[in-house]
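Listed below are the residues making up each chain.
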Amino acid sequence: MPYSNLSNNNNSNTAATTTNNSNNDNGIVPFTYTGQVYGEIPDDVTHAIIDESVEMIKLRAFHDCTSLEQIRIPDSVQKIGYYAFACCYSLRSVQISDSSNLKKIGIRAFGRCYQLFDIVLPKSIEAIDDTAFLYNCETLEQRQSPLPPYADYELSKRRSTAT
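Residues numbered from 1 in each chain as written. Predicted model: local features only at pLDDT ≥ 70, side-chain atom pairs only at ≥ 80, totals over all residues. Heavy atoms only, no water.

A short note on the sheet that holds strand β4 (residues 70-73)
Taken in spatial order, the 5 strands make up an open sheet running β1-β2-β4-β6-β8, and their pairing is parallel. Edge positions in the sheet fall to β1 (31-33) and β8 (118-119), since each of these pairs with one other strand and no more. The pairing of β1 with strand β2 (residues 47-50) spans 3 bridges and is parallel. Bridged to T32 within β2 is I49. (Pairing = 2+ DSSP bridges. Helix = DSSP H or I, 4+ residues; strand = E, 2+ residues; numbered from the N terminus.)

So, the nonpolar core
By size, the foremost hydrophobic cluster in this structure holds 34 residues, and its most contacted members are I57, F62, I80, F85, L91, I105 and F110. Mapped by element, the contributors of at least two residues to this core are β1, β2, β4 and β6 (93-96). (Core = buried A, V, L, I, M, F, W, Y, C linked by side-chain atoms within 4.5 Å. Buried < 20%, exposed > 50% of the residue type's maximum accessible area, 1.4 Å probe, protein only.)

Overview of the pairing of β2
Where burial is concerned, the two faces of β2 agree: the one with H47 and I49 and the one with A48 and I50 are both buried. As judged from the 3 bridges shared by β2 and β4, these two strands associate in the parallel manner. Note that in β4 the partner of H47 across the bridge is Q70.

Notes on the environment of L68
The topology assignment puts L68 in the loop between β3 (56-57) and β4. Considering only alpha carbons, one finds L68 and A48, 20 residues apart in sequence, at a separation of 7.6 Å. Setting aside anything within four residues of it in sequence, one finds L68 in contact with V45, T46, H47, A48, F62, F85, C88, S90 and L91. (Contact = heavy atoms within 4.5 Å.)

Structural notes on the sheet that holds strand β5 (residues 79-80)
Taken in spatial order, the 4 strands of this open sheet run β3-β5-β7-β9, and their pairing is parallel. Strand pairing shows two members of the sheet lacking a second neighbour, β3 and β9 (127-128), which therefore form its edges. Of the pairings in the sheet, the one linking strand β7 (residues 104-105) to β9 comprises 2 bridges and is parallel in character. Looking across to β9, one finds that K104 is bridged to A127.

A short note on the confidence of the model for the protein chain
When pLDDT is averaged across the protein chain, the result is 76; 67% of the residues are at 70 or more. Segment residues 1-23 is flagged for pLDDT under 50; beyond a separation of four residues in sequence, or across chains, it makes 55 contacts in the model. Here residues 144-148 is modelled with pLDDT under 50, and outside its nearest four sequence neighbours on either side it reaches 13 contacts, counting other chains as well. (pLDDT = per-residue confidence, 0-100.)

Put into structure tokens, the structure is as follows:
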């Protein structure tokens with residue numbers, strides 16, 4: 001999956017950097033997540049990529065990063081931890097490649113991401129907690145099957161009750 005569709009809707013010149021960052025098409029240097037925990041990621045990060053060495057996005061890693069708009073998750077990530085992106089109110093796009101090894105999305109991992117509308121889940125998914133997308137399913141437009149039957153049911157149920 002190409003990542004060239006990253007866009008910048010934020011006039012901020014905020015960019016937190018670590019090692020191996022590269023500019024995207026809009027000149028923004030995304031924050032590179034290498035395993036930081038809650039509180040170690042600046043609140044004003046707008047774009048982030050997960051380092052290829054990361055296998056799990058930790059508990060609350062990006063929790064309350066209210067300026068985060070876009071995130072790229074590489075094939076190496078197998079689990080998105082509890083509340084990993086919860087309350088990222090500006091998060092619009094989560095980019096996961098088709099060849100991803102992502103297996104589990106934890107409790108409220110994307111809870112209260114009210115702007116989230118673009119996420120395609122890979123076929124490697126084995127488990128999605130029934131609260132993984134709590135309070136934001138009305139904005140989700142894209143997802144890829146097959147999903148575990150309970151996950152598909154929960155997402156559909158939340159969508160139908162949100163309208």
